[in-house]
Structures are given as structure tokens and as C-alpha cells.
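Examining the three-dimensional arrangement
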Amino acid sequence: MKKTIITVVGKDSVGIIAKVCTYLADNKVNILDISQTITGGYLNMMMVADISGSDKDFAEISDDFAELGDNIGCVIKMQREEIFDKMHRI
């Protein structure tokens, strides 16, 4: 399993979650856990996903997310789980 952490942050609008999840499904990325909140009109979504089933590698998916984020007015970032864990260790 290749776990990644995906974050989506931006002004809330119709279809953001659908577009992100459609991209994941189309590229055989499995969502393992998902959390989202909307505060003051801004969406903050975090997902743990497994990219091992995708035909694309980490860099390609990450680049696609940067482009998708630009198109939908959000910032979408993806990090490898082990790097995310080390950055957020207390």
C-alpha cells in the first residue's frame, strides 16, 4: 500500500469534492479516510488515500492535483504518508 495525504483548501463552491473524488476514481486511487469542514465559507478537506492501484506515479498525480486545484480555485497538495507523519510528529 502506498498511502498519501491529500489536502484541499479553498473557498467553498458546488462540485469541489465531486471533482476531486472523480479524479481519484478515474485514476484508481482508493480513499481510505476523509474529513472535511466548511468554516466561514472556506472548505478544508483532508484525505488518506492509497495510490498503489493507479497507473500514474506519485509525481504525476501530484502535478494533476496542482492543475485541478488551479481550475477549481483551490490549493490541492499531496504528501507521502511517511513525510507527513515526520513533519507533524510531536
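Right, let's walk through the structure included here. In this text, all values refer to a predicted model and were calculated from it rather than measured experimentally.

1. Re the overall build of the protein chain
In terms of helices and strands, the protein chain carries three helices and four strands. Helices and strands in the protein chain line up, N terminus first, as β-α-β-β-α-β-α. For 90 residues, the compact-globule formula gives about 12 Å, and the C-alpha radius of gyration of the protein chain, at 13 Å, lands near that figure. C-alpha extents for the protein chain along the principal axes are approximately 35 × 35 × 20 Å. Within the protein chain, buried positions represent 32% of all 90 residues. Of the contacts made within the protein chain by residues no fewer than 6 positions apart, 65% connect residues no fewer than 24 positions apart. Across the protein chain, the centroid of the 10 positively charged side chains sits 4 Å from that of the 14 negatively charged ones.

2. Points about the side chain of Asp50
Mapped onto the elements of the fold, Asp50 is located in strand 3 (residues 42-50). Buried charge without a partner: Asp50 forms no salt bridge, and the closest opposite charge is Lys2, 7.9 Å away. Separated by 3.1 Å, the side chain of Asp50 and the backbone nitrogen of Lys2 make a polar contact. Not counting residues up to four positions away in its chain, the partners in contact with Asp50 are Met1, Lys2, Lys28, Val29, Asn30 and Leu32.

3. What to know about the state of the cysteines
By the definition in use, this model includes zero disulfides. No disulfide involves Cys21; its nearest neighbouring cysteine sulfur is the one of Cys74, lying 12 Å away.

So, how was this worked out
- Residues numbered from 1 in each chain as written.
- Predicted model: local features only at pLDDT ≥ 70, side-chain atom pairs only at ≥ 80, totals over all residues.
- Heavy atoms only, no water.
- Helix = DSSP H or I, 4+ residues; strand = E, 2+ residues; numbered from the N terminus.
- Rg over C-alpha atoms; globule rule 2.2 N^0.38 Å.
- Buried < 20%, exposed > 50% of the residue type's maximum accessible area, 1.4 Å probe, protein only.
- Contact = heavy atoms within 4.5 Å.
- Lys, Arg positive; Asp, Glu negative; His and termini not counted.
- Charge placed at Lys NZ, Arg CZ, Asp CG, Glu CD.
- Salt bridge = Lys/Arg side-chain N within 4 Å of Asp/Glu carboxyl O.
- Polar contact = N/O pair within 3.5 Å; in protein donor to acceptor, adjacent residues only side chain to side chain.
- Disulfide = S-S within 2.5 Å.

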